[in-house]
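Chain by chain, the residues run as shown.
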Amino acid sequence: MKIKLGVPKGSLQEATVALFKKAGFNINVTERSYFPSIDDDEIECMLIRAQEMARYVEDGVLDFGLTGIDWVKENDADVVKVADLIYSKRGLGKVKWVLAAPADGDIKSVKDLEGKKIATEAVNLAKKYLKKNNVNAEVEFSWGATEVKPPRLADAIIEITETGSSLRANNLKILDTVMESNTVLIANKKAWENLEKKKKIEEIALLLNGAIEAEEKVGLMMNVKEDELKKVLEVLPALKKPTISKLADNKWVAINTIVDERVVREIIPKLKKAGAQGIVEYPLNKVIA
């Protein structure tokens, strides 16, 4: 069996390749080829722009692929959403499509766009948004650098952003959120009906989600005297419950657990004070609940 995977080319490419590596798959992208290699004989990869991914998955050119849910909706693609994968080019989290206009201009809300011109890459999303708000405005497709177009080339824009920094740098103010989006794993409907392919796609989704789950977590191991165990456990947050095992010396136990990386610097000194010894922090590749 061969299954065709679409890897998003562009802003998501590097993050996607890194995510697959944590999930256990090495994707090798060469500079001039649109067909990366992968260390799984059952998978064939192809680089496709995220904006086009849903259409090619729907048409069966690809069996499954990764793109934003925004581009699935923009293309009205009839595909199976297998899994939400909450990551972006800058880390873990969602992105937003926002309405923005010059900060010192007269446009203060969507209602002020009546008869105006909006530039965006997501034309269909923009038209649906305007219709929902009963506003008639011209929507113009933008080939990029959308944030530099107001006020000369457009009155406002609908643009994707993670932090809003590029919009602020161009003297634009966010007026409204059009939609939130995140990466999704999508599958072709016929491929999903194929039991072999469905099983493979589900396994990959499980591993990718496990890699994302592990992204902001670390493992902790330590040794604790039996009579100090209660104090240590009171300090220790855990994914579920820590694993506690007896050591050769019956007066001591070993604790193994998973915690959020952001709290490690706070709890290690507390663990030490509570009696933990031999504390080891280690990175994780996957956490499968």
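Bear in mind that the values here come from a model prediction, so they are computed numbers and not experimental data. Residues take numbers from 1 onward in each chain, read along the sequence in its written order. It should be noted that, the model being predicted, local features are given only for residues of pLDDT at least 70 and side-chain atom pairs only at 80 or more, the latter also being counted only at that level, while totals for whole chains, interfaces and linings use all residues. Remark: hydrogens and water are excluded; side-chain values derive from all non-hydrogen atoms of the structure.

Let's talk about the overall build of the protein
Strands are runs of DSSP state E lasting at least 2 residues, helices are runs of H or I lasting at least 4, and numbering of each runs from the N terminus. The number of helices and strands found in the protein is nine helices and 16 strands. In terms of overall dimensions, the protein has C-alpha extents of about 80 × 50 × 35 Å along its principal axes. Classification of the 289 residues of the protein by burial places 45% in the buried group. The long-range fraction of contacts in the protein, counting pairs at least 24 apart against all pairs at least 6 apart in sequence, stands at 69%. All accessibility values rest on the Shrake-Rupley procedure with a 1.4 Å probe; residue burial counts only the protein chains present in the view. A total accessible area of about 15,800 Å² is found for the protein, and carbon and sulfur atoms account for 48% of it. Neither His nor the chain ends is counted toward charge; the positive residues are Lys and Arg and the negative residues Asp and Glu. Taken as the charge centre is NZ of Lys, CZ of Arg, CG of Asp or CD of Glu, depending on the residue. Side chains of the protein give 46 positive and 45 negative charges; the mean places of these two sets differ by 4 Å. Residue burial is assigned from relative accessible area. The probe radius is 1.4 Å, only protein chains are included, and a residue is buried under 20% of its type maximum, exposed over 50%, and partly exposed in between. The contact definition used throughout considers only heavy atoms, calling two residues in contact when any of these lie within 4.5 Å.

Thoughts on the pairing of strand 1 (residues 3-9)
Counting buried residues along strand 1, five of its seven residues qualify, which places the element largely inside the surrounding structure. The sheet contact formed by strand 1 and strand 4 (residues 43-49) spans seven bridges and is parallel. Opposite P8, over in strand 4, you have I48 as the bridge partner. When DSSP finds at least two bridges between two strands, those strands are taken to pair. Across two bridges, strand 1 lies against strand 5 (residues 64-68) in parallel orientation. Across the sheet, L5 pairs through a bridge with F64, a residue of strand 5.

Quick look at the environment of G164
Within the fold, G164 resides in the loop between strand 10 (156-161) and helix 5 (165-169). For G164, a relative accessible area of 4% gives the class buried. Residues G164 and A101, 63 residues apart in the sequence, show an inter-C-alpha distance of 13 Å.

Taken by themselves, the reported measurements are silent on function.
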